[in-house]
Amino acid sequence: MLGQLLGTLEKFRKEDTKISGTEAFIQRSNALQRAEQKAHEERERLRQQEREQIAEQRRRDLTLRARITVKAEEKKLELLFLRWNDHHQKLSNFIRTKAEPPIYYLPKQPLEKDATLLDQQREQVS
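Note that the coordinates shown come from a computational prediction; the quantities given were computed from them, not determined experimentally.

**Some words on the overall build of the protein**
Okay, step 1: Counting its regular elements, the protein contains three helices and two strands.
Okay, step 2: Along the chain direction, N to C, the helices and strands of the protein fall in the order α-α-β-β-α.
Okay, step 3: Split into buried and exposed, the 126 residues of the protein put 5% on the buried side.
Okay, step 4: For the protein, the exposed surface amounts to about 11,800 Å²; the carbon and sulfur share of it is 57%.

Here you go:
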């Protein structure tokens, strides 16, 4: 049985060498190699195109994220300014001492000069 198998293999080997020497076989193998090369080049081109698309998308995402961050920072600063302004408007209703750190107070019964001083400090804040 092993002899038959070896004989069959030998027969196919001889047939293969006989066929591989023909012009048609060489043309077919060349055509097959060209087709495989084209398929390989096409796969590489598609991979490169996909990488470029991913890079472009990532760049757009980063740009958008940076814009959103800038807008958020602007809004935070605007809110901080509004809070600061509101705080100083509230403090303008009190008399401020000249000493450092300043102390804000409101006398129980204001004097005439206190009203004048309060108006002057309101003008300074505005």
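There is more to say after this.
**What about the confidence of the model for the protein?**
Okay, step 1: With 89% of its residues at a pLDDT of at least 70, the protein reaches an overall mean of 84.
Okay, step 2: Ranking the elements of the protein by mean pLDDT puts helix H1 (residues 2-20) last with 68 and helix H2 (residues 23-91) first with 93.

**Structural notes on the pattern of salt bridges**
Okay, step 1: Summed over the entire model, instances satisfying the criterion amount to six salt bridges.
Okay, step 2: For the salt bridge of glutamate 44 with arginine 47, the shortest nitrogen-to-oxygen distance reads 2.8 Å. Note that glutamate 44 and arginine 47 are positioned in helix H2 at a spacing of three residues, about one turn of the helix.
Okay, step 3: Between glutamate 73 and lysine 76 there is a salt bridge, and its shortest N-O distance comes to 3.9 Å. Here the residue glutamate 73 and the residue lysine 76 both occupy positions in helix H2, the gap between them amounting to three residues, near one helical turn.
Okay, step 4: Using a relative accessible area of 41% as the deciding quantity, one classes glutamate 73 as partly exposed.
Okay, step 5: According to the relative accessible area criterion, lysine 76 is exposed, its value standing at 54%.

**Regarding a nonpolar patch on the surface**
Okay, step 1: Nonpolar side chains collect at one region of the surface, where Phe81, Leu82 and Trp84 lie side by side and expose about 360 Å² of accessible area between them.
Okay, step 2: By the element assignment, tryptophan 84 lies in helix H2.

**As for the side chain of serine 92**
Okay, step 1: The topology assignment puts serine 92 in the loop between H2 and strand S1 (95-96).
Okay, step 2: Ignoring any residue separated from it by four or fewer positions in sequence, one finds serine 92 in contact with Leu118 and Arg122.

Cut-off values and rules
- Residues numbered from 1 in each chain as written.
- Predicted model: local features only at pLDDT ≥ 70, side-chain atom pairs only at ≥ 80, totals over all residues.
- Heavy atoms only, no water.
- Helix = DSSP H or I, 4+ residues; strand = E, 2+ residues; numbered from the N terminus.
- Buried < 20%, exposed > 50% of the residue type's maximum accessible area, 1.4 Å probe, protein only.
- Areas by Shrake-Rupley, 256 points an atom, 1.4 Å probe, with all protein chains shown as cover.
- pLDDT = per-residue confidence, 0-100.
- Salt bridge = Lys/Arg side-chain N within 4 Å of Asp/Glu carboxyl O.
- Patch = residues over 30% accessible without salt bridge, like charges linked within 9 Å, V, L, I, M, F, W, Y side chains within 5 Å.
- Contact = heavy atoms within 4.5 Å.

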